[in-house]
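Read off the chains here:
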Amino acid sequence: MRDIRNTVILTGAGLSAESGIATFRGPGGLWEGHRVEDVCTPQALHRDPELVHRFYDERRAKLADVAPNAAHRALARVDAEWPGELLIVTQNVDDLHERAGAMRLIHMHGELKSALCALCGIRHAWESALPPESECPDCGEPALRPDIVFFGEMPYRMEAIERALGAADLFVSIGTSGAVYPAAGFVQTARYHGAETLELNLDPSEGSGWFGESRLGPAGTLVPRWVEEMLGGL
Ligand code: NAD
Ligand code: ZN
């Protein structure tokens, strides 16, 4: 641990599972009862905006009933106390990292509590329901959509993420299936630049073989333990 300074932590839906938010690939490969193609692509938004907007409205409303778990809290603690560079890159669109207090955080796949104007590109903090054709407070056009990165769209802040991966001494992946690119490839980038790599996941992920070390178990148990190790070694 003594040589570790720069750390990148990637998180996925498994981190929020113990808070009661369903993962992406639930029973039958569905996300909350829907095929991913029907709620998570630009084509779906174009074909059936009512369905797609309602789906994210339900996900946004659900945030009021859930709370950060021990894993979110432990990551907020390592963020606050780690003296070196640290970046939490989350694929999650919930707000549990920030509610636990994490500061050095990038939401690479967007956020439920944000609306994006498809015309002017400006984002707006959004708490309530977002019906199709809601007006953009900036340009006035009825073009607001959920601020979610769909399949086929470019994830946010990739330059900053690539830079952090290139400088990382340690890359940790938590609660992600390793099925969605480009995030699934971060372990290879980090390794290429010489980082140690650690996976914390309930089951072996599709990319498990790329990690120097894999620990299997629930995030609520494994993450606080790992954070103790990190901070204890300072
Ligand atoms: P995924 O559903 O594909 O994989 C989840 C992984 O977490 C699985 O490998 C599973 O074994 C593991 N897991 C389940 N419970 C766990 C636990 N208690 N502790 C540790 N690991 C556990 O999720 P993903 O890889 O993040 O898929 C990415 C896509 O899903 C993203 O685009 C994201 O936006 C979207 N998504 C986000 C949320 C959220 O914001 N909470 C929820 C569902 C889907
Ligand atoms: Zn606009």
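Residues numbered from 1 in each chain as written. Chains lettered and ligands numbered in written order. Predicted model: local features only at pLDDT ≥ 70, side-chain atom pairs only at ≥ 80, totals over all residues. Heavy atoms only, no water.

### Observations concerning the packing of aromatic side chains
Any aromatic ring pair is given by two values, namely how distant the centres are and how the planes are angled relative to each other. Selection criterion: What counts as a ring pair is set by centres within 6.5 Å for rings of Phe, Tyr and Trp (its six-membered ring), and what kind of pair is set by the plane angle: stacked under 30 degrees, edge-to-face over 60, tilted for all other angles. Burial status follows relative accessibility: with a 1.4 Å probe on protein chains alone, a residue under 20% of its type maximum counts as buried, one over 50% as exposed, and anything between as partly exposed. In this description a helix means any DSSP run of H or I spanning at least four residues, a strand means any run of E spanning at least two, and both kinds are numbered starting from the N terminus.
Tallied over the entire structure, the rule returns seven aromatic pairs. Ring centres of Phe55 and Tyr56 lie 5.0 Å apart, and the angle between their planes is 90°; this geometry places the pair in the edge-to-face category. The class of Phe55 is buried, set by a relative accessible area of 2%. Exposure remark for Tyr56: the relative accessible area of 0% places this residue in the buried category. Note on Phe171 and Phe211: the rings are 6.2 Å apart at their centroids and 20° apart in plane angle, and the pair reads as stacked. Of this pair, Phe171 sits in strand 7 (residues 170–174) while Phe211 is found in the loop between strand 8 (196–201) and strand 9 (213–216), placing the two residues 40 residues apart along the sequence. Each member of the pair, Phe171 as well as Phe211, is classed as buried.

### Observations concerning the coordination of the zinc ion (ligand 2)
Working reference: metal with six octahedral donors, ideal angles 90 or 180 degrees; metal with four tetrahedral donors, ideal angle 109.5 degrees. Filter applied, for reference: Because no water is among the atoms considered, metal sites can look incomplete, with donors defined as N, O and S atoms within 2.8 Å of the metal, or 3.2 Å for Na, K and Ca. Tetrahedral means four donors with every angle between 85 and 135 degrees, whereas square planar (four donors) and octahedral (six donors) require angles over 155 degrees between opposite donors and between 65 and 115 for all others; sites fitting neither are termed irregular.
Distances from the zinc ion (ligand 2) to its protein donors, namely Cys117 (SG), Cys120 (SG), Cys136 (SG) and Cys139 (SG), fall within the range 2.3 to 2.4 Å. Taken together, the four donor atoms coordinating the zinc ion (ligand 2) span angles of 104 to 120° at the metal, a pattern that classifies the geometry as tetrahedral. Sequence spacing among the residues donating to the zinc ion (ligand 2) works out to C-x2-C-x15-C-x2-C. With Cys117 in strand 4 (residues 110–117) and Cys139 in the loop between strand 5 (123–125) and strand 6 (144–148), the pair connects residues that are 22 residues apart, well separated along the chain. We classify Cys117 as buried; its relative accessible area is 2%. Overall, Cys139 belongs to the partly exposed group, its relative accessible area being 34%.

### Quick look at the sheet that holds strand 6
Sheets are built from strands that pair by backbone hydrogen bonding, the pairs being arranged parallel or antiparallel. As a reminder, the rule being used: Here, strands pair whenever DSSP counts at least two bridges between them. Helix axes are fitted to C-alpha atoms over the stretch in contact, other axes to C-alpha atoms as well, and angles between N-to-C directions run from 0 to 180 degrees. Only heavy atoms matter for contacts: two residues are in contact if any of them lie within 4.5 Å across the pair.
A sheet is described by the order of its strands in space; here three strands give the open sequence 5-4-6, paired in antiparallel fashion. Single-partner strands in this sheet number two, and they are strand 5 and strand 6. Between one strand and the next, the sheet's axes are offset by a mean angle of 45°, whatever the strand orientation. Strand direction decides the pairing type here: strand 4 and strand 5, joined by three bridges, are antiparallel. Within strand 5, the position partnered with Leu116 by the bridge is Arg123. Those strands touched by helix 4 (residues 49–62) are strand 4 and strand 6, and its axis lies near 55° from that of strand 6.

### Considerations on the pattern of salt bridges
Once their charged atoms are close, side chains differing in charge can pair, the charge on each being opposite to the other. Here is the rule we go by: One speaks of a salt bridge when a side-chain nitrogen belonging to Lys or Arg is within 4 Å of a carboxyl oxygen belonging to Asp or Glu.
Scanning the model with the defined rule gives 15 salt bridges in all. Across the pair Asp38 and Arg35 runs a salt bridge, and its minimum N-O distance is 3.1 Å. Judged by its relative accessible area of 22%, Asp38 falls in the partly exposed class. Look at Arg35 and you get partly exposed, because its relative accessible area is 46%. Between Asp147 and Arg123 there is a salt bridge whose closest N-O contact spans 2.8 Å. Separated by 24 residues along the polypeptide, Asp147 in strand 6 and Arg123 in strand 5 bring together distant segments of the chain. Each of Arg35, Glu37, Asp38 and Arg47 takes part in a single network of salt bridges with overlapping partners.

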